[in-house]
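Residues per chain, in single letters:
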Amino acid sequence: MSTLVETTWPHDGLAVVTLTDPATPNHNVTWKAIGQLAGALEAAREAGARVIVLASGVEGFWLSHAHLGDLRALMLGEPVEGDGSGWFRACHELSETDVVSIAAISGDTSGGGCELGWACDLRIAETGVRFSQPEVIMGLGTGIGGAARLRRIIGRTATAEMILTGRPMSPERLHALGGVNLVVPKGQAVAAAVEWGRRLAELPAASIAGLKRMLVQGEDMSLPEALENDQAIAQTLFRSPQGLARMQSIQRRYDAGEPMASVLWERPPTE
(Lines give C-alpha, C1' and ligand atoms only; values in the text may rest on other atoms or scores of the structure.)
Protein backbone atom coordinates (compact mmCIF):
# COMPACT_ATOMS: atom_id res chain seq x y z
CA MET A 1 0.00 0.00 0.00
CA SER A 2 1.38 3.41 -0.94
CA THR A 3 2.13 5.71 1.97
CA LEU A 4 0.40 9.09 1.87
CA VAL A 5 1.45 10.28 5.33
CA GLU A 6 4.94 11.07 6.61
CA THR A 7 5.88 11.69 10.24
CA THR A 8 9.04 13.57 11.16
CA TRP A 9 10.45 14.49 14.58
CA PRO A 10 12.15 17.93 14.51
CA HIS A 11 12.35 18.02 18.32
CA ASP A 12 11.96 15.66 21.25
CA GLY A 13 8.23 15.21 21.88
CA LEU A 14 7.24 17.06 18.69
CA ALA A 15 5.93 15.20 15.63
CA VAL A 16 5.08 16.76 12.28
CA VAL A 17 2.48 14.64 10.47
CA THR A 18 2.20 15.55 6.78
CA LEU A 19 -0.48 14.30 4.39
CA THR A 20 0.52 14.29 0.71
CA ASP A 21 -1.86 12.91 -1.90
CA PRO A 22 -1.05 14.72 -5.15
CA ALA A 23 -3.24 12.37 -7.18
CA THR A 24 -6.43 13.86 -5.76
CA PRO A 25 -7.64 17.16 -7.28
CA ASN A 26 -7.57 20.02 -4.76
CA HIS A 27 -6.10 17.59 -2.17
CA ASN A 28 -9.52 16.06 -1.47
CA VAL A 29 -9.15 13.57 1.38
CA THR A 30 -9.91 10.00 0.35
CA TRP A 31 -10.97 7.26 2.76
CA LYS A 32 -7.57 5.67 2.20
CA ALA A 33 -5.83 8.92 3.10
CA ILE A 34 -7.87 9.65 6.23
CA GLY A 35 -7.30 6.12 7.50
CA GLN A 36 -3.55 6.54 7.09
CA LEU A 37 -3.67 9.97 8.70
CA ALA A 38 -5.59 8.69 11.72
CA GLY A 39 -3.12 5.82 12.06
CA ALA A 40 -0.15 8.19 11.90
CA LEU A 41 -1.62 10.45 14.57
CA GLU A 42 -2.23 7.46 16.84
CA ALA A 43 1.28 6.12 16.21
CA ALA A 44 2.88 9.50 16.96
CA ARG A 45 1.05 9.73 20.29
CA GLU A 46 2.03 6.18 21.21
CA ALA A 47 5.66 6.97 20.28
CA GLY A 48 5.75 9.82 22.80
CA ALA A 49 4.58 12.92 20.93
CA ARG A 50 3.41 15.62 23.31
CA VAL A 51 2.74 18.04 20.44
CA ILE A 52 1.68 17.23 16.87
CA VAL A 53 1.78 19.61 13.90
CA LEU A 54 -0.66 18.67 11.13
CA ALA A 55 0.65 19.75 7.74
CA SER A 56 0.03 19.36 4.01
CA GLY A 57 2.59 18.34 1.43
CA VAL A 58 0.58 19.66 -1.54
CA GLU A 59 1.38 23.22 -2.56
CA GLY A 60 -1.59 25.58 -2.62
CA PHE A 61 -3.87 23.29 -0.64
CA TRP A 62 -4.05 22.21 2.97
CA LEU A 63 -6.61 19.45 3.52
CA SER A 64 -9.76 19.80 1.45
CA HIS A 65 -13.18 18.24 1.79
CA ALA A 66 -13.84 14.51 1.76
CA HIS A 67 -13.44 12.79 -1.61
CA LEU A 68 -16.95 12.92 -3.01
CA GLY A 69 -16.57 9.71 -4.98
CA ASP A 70 -15.68 7.82 -1.81
CA LEU A 71 -18.49 9.48 0.14
CA ARG A 72 -21.08 8.73 -2.55
CA ALA A 73 -19.94 5.12 -2.87
CA LEU A 74 -20.21 4.67 0.87
CA MET A 75 -23.79 5.99 0.86
CA LEU A 76 -24.69 3.58 -1.95
CA GLY A 77 -23.09 0.62 -0.21
CA GLU A 78 -20.41 0.30 -2.89
CA PRO A 79 -16.84 -0.76 -2.11
CA VAL A 80 -14.42 1.95 -0.98
CA GLU A 81 -10.69 1.63 -0.42
CA GLY A 82 -10.18 2.64 3.19
CA ASP A 83 -12.30 3.10 6.28
CA GLY A 84 -14.50 6.13 6.88
CA SER A 85 -14.04 5.77 10.63
CA GLY A 86 -10.67 7.40 10.07
CA TRP A 87 -12.42 10.79 10.08
CA PHE A 88 -13.66 10.24 13.62
CA ARG A 89 -10.40 8.65 14.80
CA ALA A 90 -8.38 11.59 13.46
CA CYS A 91 -10.65 14.14 15.12
CA HIS A 92 -10.41 12.22 18.39
CA GLU A 93 -6.60 12.21 18.26
CA LEU A 94 -6.47 15.93 17.52
CA SER A 95 -9.09 17.12 19.99
CA GLU A 96 -9.58 14.60 22.81
CA THR A 97 -6.18 13.19 23.74
CA ASP A 98 -3.53 14.81 25.96
CA VAL A 99 -1.43 15.65 22.89
CA VAL A 100 -1.52 19.32 21.85
CA SER A 101 -2.37 19.64 18.15
CA ILE A 102 -1.38 22.52 15.87
CA ALA A 103 -2.77 22.94 12.35
CA ALA A 104 -0.17 24.47 10.00
CA ILE A 105 -2.55 25.72 7.31
CA SER A 106 -0.48 26.44 4.21
CA GLY A 107 -3.20 26.49 1.56
CA ASP A 108 -6.92 26.53 0.89
CA THR A 109 -8.97 24.25 3.11
CA SER A 110 -12.60 23.24 2.98
CA GLY A 111 -15.21 20.84 4.31
CA GLY A 112 -13.74 17.88 6.15
CA GLY A 113 -10.27 19.38 5.89
CA CYS A 114 -11.48 22.51 7.66
CA GLU A 115 -13.13 20.31 10.26
CA LEU A 116 -9.83 18.57 10.98
CA GLY A 117 -8.41 22.04 11.54
CA TRP A 118 -11.24 22.99 13.88
CA ALA A 119 -10.45 19.82 15.86
CA CYS A 120 -6.91 21.06 16.51
CA ASP A 121 -6.07 23.02 19.65
CA LEU A 122 -4.19 25.74 17.78
CA ARG A 123 -4.27 27.01 14.20
CA ILE A 124 -1.57 28.90 12.30
CA ALA A 125 -2.54 30.02 8.79
CA GLU A 126 -0.80 31.72 5.92
CA THR A 127 -2.19 34.93 4.52
CA GLY A 128 -4.14 34.43 1.31
CA VAL A 129 -5.52 30.98 2.14
CA ARG A 130 -9.27 30.43 2.21
CA PHE A 131 -11.38 28.52 4.73
CA SER A 132 -14.78 27.23 3.66
CA GLN A 133 -17.56 24.89 4.69
CA PRO A 134 -19.11 24.41 1.23
CA GLU A 135 -21.42 21.52 2.11
CA VAL A 136 -24.56 23.62 1.57
CA ILE A 137 -23.49 24.29 -2.03
CA MET A 138 -23.23 20.53 -2.56
CA GLY A 139 -26.61 19.87 -0.97
CA LEU A 140 -24.90 18.17 1.97
CA GLY A 141 -24.23 18.89 5.64
CA THR A 142 -21.18 19.26 7.85
CA GLY A 143 -20.35 15.84 9.26
CA ILE A 144 -17.47 16.14 11.74
CA GLY A 145 -17.72 19.51 13.45
CA GLY A 146 -18.22 22.23 10.86
CA ALA A 147 -21.30 23.35 12.77
CA ALA A 148 -20.97 22.04 16.32
CA ARG A 149 -17.24 22.51 16.90
CA LEU A 150 -16.87 25.71 14.87
CA ARG A 151 -19.75 27.34 16.76
CA ARG A 152 -17.81 26.85 19.99
CA ILE A 153 -14.73 28.46 18.43
CA ILE A 154 -16.03 31.56 16.61
CA GLY A 155 -19.63 31.81 17.82
CA ARG A 156 -23.04 31.11 16.31
CA THR A 157 -23.34 34.18 14.06
CA ALA A 158 -20.06 33.74 12.20
CA THR A 159 -20.55 29.98 12.00
CA ALA A 160 -24.00 30.51 10.51
CA GLU A 161 -22.44 32.70 7.84
CA MET A 162 -19.87 30.06 6.94
CA ILE A 163 -22.12 27.01 6.87
CA LEU A 164 -25.27 28.60 5.43
CA THR A 165 -23.59 30.50 2.58
CA GLY A 166 -20.66 28.18 1.88
CA ARG A 167 -18.56 31.21 1.05
CA PRO A 168 -14.88 31.28 2.06
CA MET A 169 -13.51 33.26 4.96
CA SER A 170 -10.01 34.74 5.21
CA PRO A 171 -7.52 33.84 7.94
CA GLU A 172 -7.41 37.49 8.96
CA ARG A 173 -11.13 37.54 9.67
CA LEU A 174 -10.98 34.20 11.44
CA HIS A 175 -8.12 35.54 13.55
CA ALA A 176 -10.30 38.47 14.59
CA LEU A 177 -13.09 36.01 15.48
CA GLY A 178 -10.79 33.76 17.52
CA GLY A 179 -10.67 30.93 15.00
CA VAL A 180 -7.00 31.31 14.06
CA ASN A 181 -4.18 31.95 16.53
CA LEU A 182 -1.63 33.42 14.17
CA VAL A 183 -1.51 34.61 10.55
CA VAL A 184 1.90 34.37 8.88
CA PRO A 185 3.28 35.21 5.42
CA LYS A 186 2.97 32.68 2.62
CA GLY A 187 5.26 29.69 3.05
CA GLN A 188 5.80 30.11 6.79
CA ALA A 189 2.95 28.16 8.42
CA VAL A 190 4.87 24.95 9.03
CA ALA A 191 7.98 26.72 10.33
CA ALA A 192 5.87 28.84 12.70
CA ALA A 193 3.91 25.80 13.90
CA VAL A 194 7.13 23.85 14.50
CA GLU A 195 8.53 26.75 16.54
CA TRP A 196 5.36 26.89 18.65
CA GLY A 197 5.45 23.12 18.96
CA ARG A 198 9.08 23.11 20.05
CA ARG A 199 8.35 25.62 22.81
CA LEU A 200 5.32 23.64 23.98
CA ALA A 201 7.23 20.35 23.94
CA GLU A 202 9.87 21.89 26.23
CA LEU A 203 7.27 22.73 28.90
CA PRO A 204 6.42 20.24 31.67
CA ALA A 205 4.57 17.38 30.00
CA ALA A 206 2.21 16.70 32.91
CA SER A 207 1.16 20.34 33.04
CA ILE A 208 0.51 20.56 29.30
CA ALA A 209 -1.54 17.35 29.43
CA GLY A 210 -3.47 18.46 32.49
CA LEU A 211 -4.31 21.87 31.04
CA LYS A 212 -5.55 20.29 27.82
CA ARG A 213 -7.76 17.95 29.86
CA MET A 214 -9.23 21.03 31.55
CA LEU A 215 -10.11 22.44 28.13
CA VAL A 216 -11.55 19.19 26.81
CA GLN A 217 -13.43 18.00 29.87
CA GLY A 218 -14.82 21.42 30.77
CA GLU A 219 -16.23 22.07 27.28
CA ASP A 220 -19.74 20.86 28.04
CA MET A 221 -19.78 21.37 31.81
CA SER A 222 -21.52 24.13 33.71
CA LEU A 223 -19.16 26.74 35.14
CA PRO A 224 -19.28 25.29 38.70
CA GLU A 225 -18.61 21.80 37.34
CA ALA A 226 -15.75 23.02 35.17
CA LEU A 227 -14.19 24.93 38.06
CA GLU A 228 -14.37 21.83 40.25
CA ASN A 229 -12.83 19.72 37.51
CA ASP A 230 -10.06 22.28 36.93
CA GLN A 231 -9.27 22.29 40.65
CA ALA A 232 -9.07 18.49 40.79
CA ILE A 233 -6.60 18.39 37.90
CA ALA A 234 -4.63 21.35 39.28
CA GLN A 235 -4.27 19.68 42.68
CA THR A 236 -2.52 16.71 41.08
CA LEU A 237 -0.08 19.11 39.42
CA PHE A 238 0.48 21.15 42.60
CA ARG A 239 1.34 17.97 44.54
CA SER A 240 3.57 16.36 41.90
CA PRO A 241 7.34 16.23 42.56
CA GLN A 242 7.96 18.39 39.50
CA GLY A 243 5.34 20.94 40.52
CA LEU A 244 6.70 21.20 44.06
CA ALA A 245 10.29 21.52 42.82
CA ARG A 246 9.44 24.20 40.29
CA MET A 247 7.45 26.25 42.78
CA GLN A 248 10.43 26.23 45.14
CA SER A 249 12.92 27.12 42.39
CA ILE A 250 10.83 29.96 40.99
CA GLN A 251 10.04 31.45 44.43
CA ARG A 252 13.75 31.45 45.29
CA ARG A 253 14.45 33.45 42.15
CA TYR A 254 11.69 35.92 43.03
CA ASP A 255 13.04 36.25 46.56
CA ALA A 256 16.51 36.95 45.14
CA GLY A 257 15.06 39.94 43.28
CA GLU A 258 14.78 38.52 39.79
CA PRO A 259 11.85 40.13 37.93
CA MET A 260 8.88 38.02 36.83
CA ALA A 261 9.57 38.66 33.13
CA SER A 262 13.00 37.11 33.47
CA VAL A 263 11.83 34.15 35.53
CA LEU A 264 8.85 33.18 33.37
CA TRP A 265 9.56 34.37 29.84
CA GLU A 266 13.20 35.31 29.28
CA ARG A 267 14.93 32.61 31.36
CA PRO A 268 12.19 30.11 32.26
CA PRO A 269 13.01 27.21 34.57
CA THR A 270 14.34 23.99 33.09
CA GLU A 271 14.17 20.44 34.35
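This write-up is about the structure you can find in this document. Because the structure is a prediction, the values reported are computed rather than measured.

Considerations on the overall build of the protein
Turning to step 1, where the next piece is worked out: Check the secondary structure of the protein and you find 13 helices and eight strands.
Turning to step 2, where the next piece is worked out: Rg of the C-alpha trace for the protein: 20 Å, near the compact-globule value of 18 Å for 271 residues, within the 12% margin.
Turning to step 3, where the next piece is worked out: A principal-axis box enclosing the C-alpha atoms of the protein has dimensions of 70 × 40 × 35 Å.
Turning to step 4, where the next piece is worked out: Relative to its 271 residues, the protein shows a buried fraction of 47%.
Turning to step 5, where the next piece is worked out: Taken as a whole, the protein presents about 13600 Å² of accessible surface, with 57% of it coming from carbon and sulfur.

Some remarks on the pairing of strand E4 (residues 100-105)
Turning to step 1, where the next piece is worked out: Buried residues dominate E4, accounting for six of its six residues.
Turning to step 2, where the next piece is worked out: Across the two faces of E4 the burial is the same, with Val 100, Ile 102 and Ala 104 and Ser 101, Ala 103 and Ile 105 all buried.
Turning to step 3, where the next piece is worked out: Judged from the four bridges that link them, strand E3 (residues 51-56) and E4 form a sheet pairing that is parallel. Each bridged residue has a counterpart across the sheet, and for Val 53 the counterpart in E4 is Ile 102.
Turning to step 4, where the next piece is worked out: Alignment of E4 against strand E6 (residues 122-126), held across four bridges, turns out to be parallel. If you follow Ile 105 over to E6, its bridge partner there is Ala 125.

Brief notes about unusual backbone geometry
Turning to step 1, where the next piece is worked out: A positive phi is found at Asn 26, a non-glycine position, where the angle reads about 60 degrees.
Turning to step 2, where the next piece is worked out: Phi angles above zero are rare outside glycine, and His 27 is one such case at about 60 degrees.
Turning to step 3, where the next piece is worked out: For His 27, the location among the structural elements is in the loop between strand E2 (14-19) and helix H1 (31-46).
Turning to step 4, where the next piece is worked out: For His 27, a relative accessible area of 1% puts it in the buried group.

Description of the packing of helix H11 (residues 223-239) against helix H12 (residues 241-255)
When two helices pack together, their arrangement is given by the angle between the helix axes and by the axis-to-axis distance.
Turning to step 1, where the next piece is worked out: Viewed as axis vectors pointing N to C, H11 and H12 meet at an angle of 70 degrees, and their least axial separation amounts to 4 Å. It follows from the interaxial angle that H11 and H12 lie roughly perpendicular. Along the contact surface, H11 presents Leu 237, Phe 238 and Arg 239, while H12 presents Pro 241, Gly 243, Leu 244 and Met 247.
Turning to step 2, where the next piece is worked out: Here the residues of the contact of H11 with H12 are counted per class, giving five nonpolar, one polar and one charged.

Let's talk about the sheet that holds strand E8 (residues 182-184)
Turning to step 1, where the next piece is worked out: With mixed pairing, six strands are arranged side by side in an open sheet as E1-E2-E3-E4-E6-E8. Since the sheet does not close on itself, it has two edges, and those belong to strand E1 (5-11) and E8, each with one partner. Within the sheet, the average angular offset between the axes of one strand and its neighbour, ignoring direction, is 20 degrees.

So, H11
In an α-helix, one full turn covers 3.6 residues, which means residues spaced three or four apart are oriented alike.
Turning to step 1, where the next piece is worked out: Here H11 spans 24 Å end to end across 17 residues, near enough to the 24 Å set by a 1.5 Å rise per residue.
Turning to step 2, where the next piece is worked out: Residues of H11 that are buried: Ala 226, Asn 229, Ile 233, Ala 234 and Leu 237. Within H11, the buried residues cover an arc of 130 degrees as seen down the axis, which keeps them to one side. Structural note: H11 exposes Pro 224, Glu 228 and Arg 239 on the side pointing more than 90 degrees away from its buried face.

Here we look at empty space enclosed by the protein
Turning to step 1, where the next piece is worked out: Summed over the entire model, instances satisfying the criterion amount to one cavity of 30 Å³ or more.
Turning to step 2, where the next piece is worked out: Taken together, Leu 41, Ile 52, Glu 93, Leu 94, Val 99, Val 100 and Ser 101 make up the full set of residues lining the largest cavity.
Turning to step 3, where the next piece is worked out: Secondary structure elements with two or more residues in the lining of the largest cavity: helix H3 (85-95) and E4.
Turning to step 4, where the next piece is worked out: A class-by-class count of the residues in the lining of the largest cavity yields five nonpolar, one polar and one charged.

Cut-offs used in this document
- Residues numbered from 1 in each chain as written.
- Predicted model: local features only at pLDDT ≥ 70, side-chain atom pairs only at ≥ 80, totals over all residues.
- Heavy atoms only, no water.
- Helix = DSSP H or I, 4+ residues; strand = E, 2+ residues; numbered from the N terminus.
- Rg over C-alpha atoms; globule rule 2.2 N^0.38 Å.
- Buried < 20%, exposed > 50% of the residue type's maximum accessible area, 1.4 Å probe, protein only.
- Areas by Shrake-Rupley, 256 points an atom, 1.4 Å probe, with all protein chains shown as cover.
- Pairing = 2+ DSSP bridges.
- Axes fitted to C-alpha atoms, helices over the stretch in contact; angles between N-to-C directions.
- Parallel < 35°, antiparallel > 145°, perpendicular 65-115°, else oblique.
- Contact = heavy atoms within 4.5 Å.
- Nonpolar A, V, L, I, M, F, W, Y, C, P; charged D, E, K, R; others polar.
- Expected span 1.5 Å × (residues − 1).
- Arc of directions from axis to C-beta.
- 1 Å grid on protein atoms, 1.4 Å probe; cavity = no way out; pocket = protein on both sides within 12 Å on 5 of 7 lines; lining within 4 Å.
- Points joined across faces, edges and corners; volume = space filled by probe spheres on them.

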